[in-house]
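Okay, here's what each chain looks like letter by letter:
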Amino acid sequence: MTVPATADVAVVGGGIAGAAACIALHRRGQRVLWIAPDRAAETPVGESLAPAAGTVLAQLGVAHLLDGDGHRPANATFSAWGTDALVERNAAVHLAGPGRVLDRARFEAGLRELALAHAEHRSSALADARTVSGIWHLALADGSQAAARFLVDASGRAATLGRRLAGHRRDDRLVAACAFLPHRDPGVQPTPATLIEAVGDGWWYAALLPDGRLSLACFSDPDLLPRGLSRDPGAWQTLIGGTAYIARWIGDAGFGVEASPRLYSAGTTWLDPVAGSVDGAGWAAIGDAAAAFDPLSSHGMTTALWTAERIGEAVPAWLAGNRQPLDGYTRAVADGVTAFRTQRAALYARERRFAGRPFWRRRAAAAS
């Protein structure tokens, strides 16, 4: 059997974190193997990019991906949280300026194109990984083999490698019911805004996308959502009808509720630790594989980019015998998880109108 050439780093996972890691590692002179099946054609969920992401994109050398008309500034956010009133927060009053509401598919396609130019790509999933004399020997689902000195897990919430090598922690079972609503009334110009509304069994998010559709998501616990929701458009319409401001925006702006939502895991999970070594072979998790946060933070994509940039610094040092940057990365992620959990608890505690309902009781009990 032919022994595969050994890459410096193998990156497993085809999302934003994986693509960004390929770019960051290549910029620091690493020979990168990218193990990532081709992405599905469906529109990715999650389009809010925090202002802090601009700095990370510049460090990666890909800030130009935000240029053009495909993305819009996230200037206005309205929320009904802790009050029956709808409160506006405008980015003009924040020193960091606005974030972005992305054309997510366009952004990911641009990032992927750059990553493909900087890495050897295998369009397959990872089937198995084992270490021999400080080298990762990788078996791919298509039957091929690969080898690398360091392995980066960018496989998202699945954390296919990380769960084998570290403790997997979970705070909750939050799920998201998501749909993209087409705009059907040409006589109405929808407001380019984001709206967040707390309700008895969770909270809602809606944002006008650059292409005119409305991105809509309901966040709740699995046992609190209607049974069979993902197959029942009528149940979805009824659920939307239980909101005040979300339902009004959909109706007044002329959006169509025409299909059932898709369900996604949205709970807060993390690995402990997020990096280490096995028999002398190094590994690290990035993006959602390292820490996946409640979407209330709107930091999912920013975290993916930040962890990719940091691992781009840490891995070359580790391979050169300097373990401190990787140790620093591990501490930084752990500190970030701690800070997020504290901030999230304080934010959920601000909503007292539904304190007796199971969704909100569970968040209060987790924070105590």
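Residues numbered from 1 in each chain as written. Predicted model: local features only at pLDDT ≥ 70, side-chain atom pairs only at ≥ 80, totals over all residues. Heavy atoms only, no water.

## Some thoughts on the sheet that holds strand β18 (residues 269-272)
To keep things clear, this is the line we draw: Any two strands are treated as partners once DSSP identifies two or more bridges connecting them. Numbered from the N terminus, helices here are DSSP runs of H or I no shorter than four residues, and strands are runs of E no shorter than two.
Across the sheet, 3 strands lie side by side as β12-β18-β21; this open sheet has antiparallel pairing. Every other strand in the sheet has two partners, leaving β12 (167-170) and β21 (291-292) as the edge strands with one partner each. Here 2 bridges tie β18 to β21, and the two strands are oriented antiparallel to one another. Considered in β21, the bridge of W270 is made with A291.

## A short note on the packing of aromatic side chains
Formally: Think of it this way: a Phe, Tyr or Trp ring, Trp meaning its six-membered ring, pairs with another when their centres are within 6.5 Å, and the plane angle makes it stacked under 30 degrees, edge-to-face over 60, tilted otherwise. Here the term buried applies to any residue with accessible area under 20% of the maximum for its type, exposed to any over 50%, and partly exposed to those in between, with areas from a 1.4 Å probe on protein chains only. Two thresholds decide whether a charge sits over a ring: the Lys NZ or Arg CZ must be within 6 Å of the ring centre and within 35 degrees of the ring normal.
Taken as a whole and judged by the stated rule, the model has 13 aromatic pairs. On the numbers, 6.1 Å between centres and 65° between planes, the contact of Y348 with F359 is edge-to-face. With Y348 in helix α8 (residues 324-349) and F359 in helix α9 (residues 358-367), this pair connects stretches of sequence that are 11 residues apart. Of the residues examined, Y348 reaches a relative accessible area of 5% and is grouped as buried. Ring-pair connections join several aromatic residues into one group, and the members of that group are W81, W203, F219, Y348, F354, F359 and W360. The ring of F180 is capped by R213, whose NZ or CZ atom sits 4.9 Å from the centre of that ring. When the ring centre of F359 is taken as reference, the NZ or CZ atom of R363 above it lies at 3.8 Å.

## Things to note about α8
To be explicit about the condition: Here a helix's expected span is defined as the number of its residues, less one, multiplied by 1.5 Å.
Counted at 1.5 Å a residue, the expected span for α8 with its 26 residues is 38 Å, and the 38 Å between its end C-alpha atoms agrees. Those residues of α8 not exposed but buried are L326, G328, Y329, T330, V333, V337, F340, R344 and Y348.

## As for the side chain of T302
For the record, the criterion: By the convention used here, residues are in contact when the closest approach between their heavy atoms is within 4.5 Å.
In this fold, T302 is placed in helix α7 (residues 300-319). With residues up to four places along the chain from it excluded, the contact list for T302 reads L49, A50, A52 and A53.

## Remarks on the environment of L181
In this structure, L181 sits in strand β13 (residues 175-181). For L181 and A339, which are 158 residues apart along the polypeptide, the C-alpha to C-alpha distance reads 34 Å. Once residues lying within four places of it in the same chain are set aside, the contact partners of L181 are R213, L214, L216, I250, F255, G256 and V257.

Geometry only, nothing functional implied.
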